[in-house]
Amino acid sequence: KKNIFKVTFNQAFETVLRECSNVHQKRQAGTWISEEMIHAYGELFKKGYAQSVEVWFEDQLVGGLYGVLIHGVFSGESMFYKKTEASKVALVALIDQLSKKNFKWIDIQMVTPVLKQFGGEYISRKEYLKLLKQTQVKD
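The following refers to the structure shown. (Residues numbered from 1 in each chain as written. Predicted model: local features only at pLDDT ≥ 70, side-chain atom pairs only at ≥ 80, totals over all residues. Heavy atoms only, no water.)

## Some details on the overall build of the protein
Inference 1: Scanning the protein from N- to C-terminus turns up five helices and four strands.
Inference 2: Its helices and strands taken in sequence order, the protein reads β-α-α-β-β-β-α-α-α from the N to the C terminus.
Inference 3: Since a compact globule built from 139 residues should have a radius of gyration of about 14 Å, the 15 Å found for the protein is in line with a globular shape.
Inference 4: Taken along the three principal axes of its C-alpha coordinates, the protein extends 40 × 40 × 30 Å.
Inference 5: Put simply, the protein has 139 residues, and 37% of those count as buried. (Helix = DSSP H or I, 4+ residues; strand = E, 2+ residues; numbered from the N terminus. Rg over C-alpha atoms; globule rule 2.2 N^0.38 Å. Buried < 20%, exposed > 50% of the residue type's maximum accessible area, 1.4 Å probe, protein only.)

## A look at the environment of Gln-51
Inference 1: Structurally, Gln-51 can be placed in strand β2 (residues 50-57).
Inference 2: Its relative accessible area of 15% is what places Gln-51 among the buried residues.
Inference 3: Sequence-wise, Gln-51 and Gly-76 are 25 residues apart; in three dimensions their C-alpha atoms are separated by 9.4 Å.
Inference 4: Discounting residues that sit within four places of it in the chain, Gln-51 has contacts with Asn-10, Phe-13, Leu-65, Tyr-66, Gly-67, Leu-69, Phe-74 and Gln-97. (Contact = heavy atoms within 4.5 Å.)

## A few points about the packing of aromatic side chains
Inference 1: Applying the stated criterion across every chain, the model contains six aromatic pairs.
Inference 2: Judged by centre distance (6.1 Å) and plane angle (80 degrees), the rings of Phe-13 and Tyr-66 are edge-to-face. Of this pair, Phe-13 sits in helix α1 (residues 13-28) while Tyr-66 is found in strand β3 (residues 60-70), placing the two residues 53 residues apart along the sequence. For the pair shown, Phe-13 and Tyr-66 are each scored as buried.
Inference 3: The interplanar angle of 75 degrees and the centroid separation of 5.2 Å between the aromatic rings of Tyr-41 and Tyr-66 together place this pair among those described as edge-to-face. Taken together, the positions of Tyr-41 in helix α2 (residues 35-46) and Tyr-66 in strand β3 put the pair 25 residues apart, joining distant regions of the chain. (Phe/Tyr/Trp six-rings, centres within 6.5 Å; stacked < 30°, edge-to-face > 60°.)

## Structural notes on the nonpolar core
Inference 1: If you look at the biggest cluster of nonpolar residues, it comprises 15 residues, and the most contacted ones within it are Val-53, Val-55, Leu-65, Phe-74 and Leu-94.
Inference 2: Per-element accounting of this core gives the leading share, six residues, to helix α3 (residues 86-100).
Inference 3: With near-sequence residues (within four places) excluded, Val-53 lies in contact with Val-7, Thr-8, Phe-9, Val-16, Gly-63, Gly-64, Leu-65, Ala-90, Ala-93 and Leu-94.
Inference 4: In this structure, Cys-20, Ile-33, Ile-38 and Tyr-41 belong to the second largest nonpolar core, which totals 13 residues. (Core = buried A, V, L, I, M, F, W, Y, C linked by side-chain atoms within 4.5 Å.)

In structure tokens form, the structure reads like this:
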């Protein structure tokens with residue numbers, strides 16, 4: 001509400017990946033976001049299939065998220081924050097951007113407390129495949 005953050009899209013993609021990797025490394029004594037994965041997501045980004053949302057405070061990257069956008073489906077991969085509420089700001093910015101393009105849902109993969117706050121819920125594989133089939137559009 002105070003509008004203390006600046007939000008950008010796709011301006012610091014690799015940095016967002018690395019920050020997400022650092023968060024997972026600290027919390028889980030390991031991360032699936034390896035150098036190989038960073039390279040692979042970087043290639044997807046170059047081809048226009050991966051996107052990031054960056055949240056800045058006083059010219060410092062303090063939060064963000066990234067995911068893959070293919071055939072009208074955005075699959076969120078990971079998010080991080082260094083300043084309270086920054087990841088929520090990134091999520092709200094993403095939702096706003098996708099809503100303008102008539103997206104109805106986001107594949108969040110895991111329901112964290114933050115994502116649950118925004119309506120995230122688990123669905124069955126059958127429901128997921130139905131949504132996926134209904135949603136897919138040609139790029």
